[in-house]
Amino acid sequence: MTVPDHTVNHLWQLTVAEASRLLAAKEISSVELTRSFLQRIEEVDDRLSAYITVTADAALQQAQEADRRIAAGEYTALTGIPMQIKDLLCTEGTTTTCASRMLEGYVPVYNATAVGRLREQGTVLLGKGNMDEFGMGSSTENSAFFPTRNPWDTERVPGGSSGGSAAAVAAGEAAFALGTDTGGSIRQPASFCGVTGLKPTYGRVSRYGLVAYASSLDQVGPIARDAADCAVILEAIAGQDRFDATSLPVPVPDYRAGLTGDISGVRVGVPSEYFADGMDTGVRAAVTAAIERLADLGAELREVSLPTTEYALACYYIIAPSECSANLARYDGVKYGYSHQGDGDMWEAMERTRQHGFGPEVKRRIMLGAFALSSGYYDAYYHKAQQVRTLIREDFDRVFQEVDALAAPVSPLVAFPIGERTDDPVRMYLVDVYTLPVNIAGLPAMSVPCGFSDGLPVGLQLIGPHLSEGRLLNIAHAYQQATDWHNDRPSL
């Protein structure tokens, strides 16, 4: 293929697949491509704040190395492609803050496994994406540094916690990004920003080097323009890792080869509980139309029921805060990170460190978790939540004996105005009501752009049984081959 305008100014509009073909054909260079994205960041990020850190000099050096690899014929589909990494994943020699004052200035000495695998492919790191502090939030308003704004309407949130990553891809500030998903943190911002996001099966991608929020829920995944790009990225980062005991010892499929676009006879379940009262009318209309389009493409639609869905929110907000209260106990001001230096003994210094180092939402979740795990309440809360988790998993297992995948909304609403929900945590938590069950059950799921409501993007959620990423990617690819929603870009 050729690009209508080969000038550096326009190369940021390319998808990963388009850029890769041009690089392989030597019609463009990685340096030119990288400069285009860096220029785009300079032009628009003051309005979006999608980046915490931009690594321009290092990116250009990496691009030069990528060009040398391409010239020598030693390249892959990702060599020379500029990317953003959520600031929750360790990057060797580049600040990793988790959008928290607690880790401000922290520079890891190693790469997270997923990051390392991408760098081995010759990708170019543009910088680190803004996020909700330690991944705790649904709007990227909980960053200790600044909120990120939605490229479609800069007065609205981009979603969270991977809001900087989704906003960057939507605005052309990166060809793709790596995000993390603990309760919807890839899918929900992808939906709000009109891009494609994939949360893999728990254990499909190594969590080594991911700064833990809730260890039994966290998973790393790609955010890109379309399903074809997500397939390339997932293929690069998936696979067992000896540094992560929870990574699955199963082969990595050729996800790209599985993108046939044929979904004839695929049984798609439509869970009635995901279309409850309170959903925006425009969201319901867009998702319903998308599901009907899947039927037009040959899918067999079946209405199904997941009755434990209503308990997922309460279950998640016991399990996730409990795990976060344990994981964040390491930030004590002694070994690394922010340390309060003042009068008083060690215990007072630790208390002051946590008081000033953590933001309000992080402290709220630590306290929720500490209470749920405390003596006298463990059985009533944490143990009960784990029992409910088993019921939610069994619900999905039962349904997946009848269907191959599920189709539902990502969120009951579109991107909301900045500041609208910050004073009401429960109202904020309800934004993720349709994404949380997937993490509780450890399943793969995607967000696919499927339309607009009041001029703002809407995402179709595709959910599958364990290790069915290939099928989900093909369903998404078939839908995107037949529609243009994923090609729409915001005007900035």
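Residues numbered from 1 in each chain as written. Predicted model: local features only at pLDDT ≥ 70, side-chain atom pairs only at ≥ 80, totals over all residues. Heavy atoms only, no water.

1. A short note on the pairing of strand 4 (residues 176–180)
Counted only if it meets this: The buried label goes to any residue with under 20% of its type's maximum accessible area, the exposed label to any with over 50%, and the partly exposed label to all in between, with areas taken from a 1.4 Å probe on protein chains only. The numbering of helices and of strands both runs from the N terminus, where a helix is a DSSP run of H or I of at least 4 residues and a strand a run of E of at least 2. Here the rule is simple: two strands pair whenever DSSP picks up at least two bridges between them.
Judged by how many residues are buried, strand 4 sits mostly within the fold: 5 of 5 residues are covered. Burial along strand 4 is two-sided: the face carrying Phe176, Leu178 and Thr180 and the face carrying Ala177 and Gly179 are both buried. Across 3 bridges, the pairing between strand 2 (residues 82–86) and strand 4 is parallel. By the bridge assignment for strand 4, Gln84 is matched with Ala177.

2. Regarding helix 3 (residues 56–71)
The line we're drawing: By definition here, a helix of n residues has an expected span of 1.5 Å times n minus one. This arc is built from the directions going out from the helix axis to the C-beta atoms. The contact definition used throughout considers only heavy atoms, calling two residues in contact when any of these lie within 4.5 Å.
For helix 3, built from 16 residues, the straight-helix expectation of 22 Å at 1.5 Å per residue is met to within 8% by its first-to-last C-alpha distance of 23 Å. For helix 3, the set of buried residues is Ala59, Gln62, Ala63, Ala66, Asp67, Arg69 and Ile70. For helix 3, the angular spread of buried residues about the axis comes to 160°, placing them on one side. With respect to the buried face of helix 3, the exposed residues turned more than 90 degrees away are Asp57, Gln61 and Ala71. Contact partners of the buried residues in helix 3: helix 1 (16–24), helix 2 (30–48), helix 4 (113–120) and strand 3 (124–129).

3. Considering the side chain of Arg117
Among the structural elements, Arg117 can be located in helix 4. Apart from the residues within four sequence positions on either side, Arg117 is in contact with Ala236, Ile237, Ala238, Gly239, Gln240 and Asp241.

4. Describing the pattern of salt bridges
The cut-off we apply is this: When a carboxyl oxygen of Asp or Glu lies within 4 Å of a side-chain nitrogen of Lys or Arg, that pair is called a salt bridge.
Inspection of every chain in the model, using the stated rule, returns 13 salt bridges. Arg187 is the salt-bridge partner of Asp181, the closest N and O atoms lying 3.0 Å from each other. Arg187 matches Asp181 in its accessibility class, with the two residues each being buried. Linked by salt bridges that have partners in common, Glu361, Arg364 and Arg365 make up one network.

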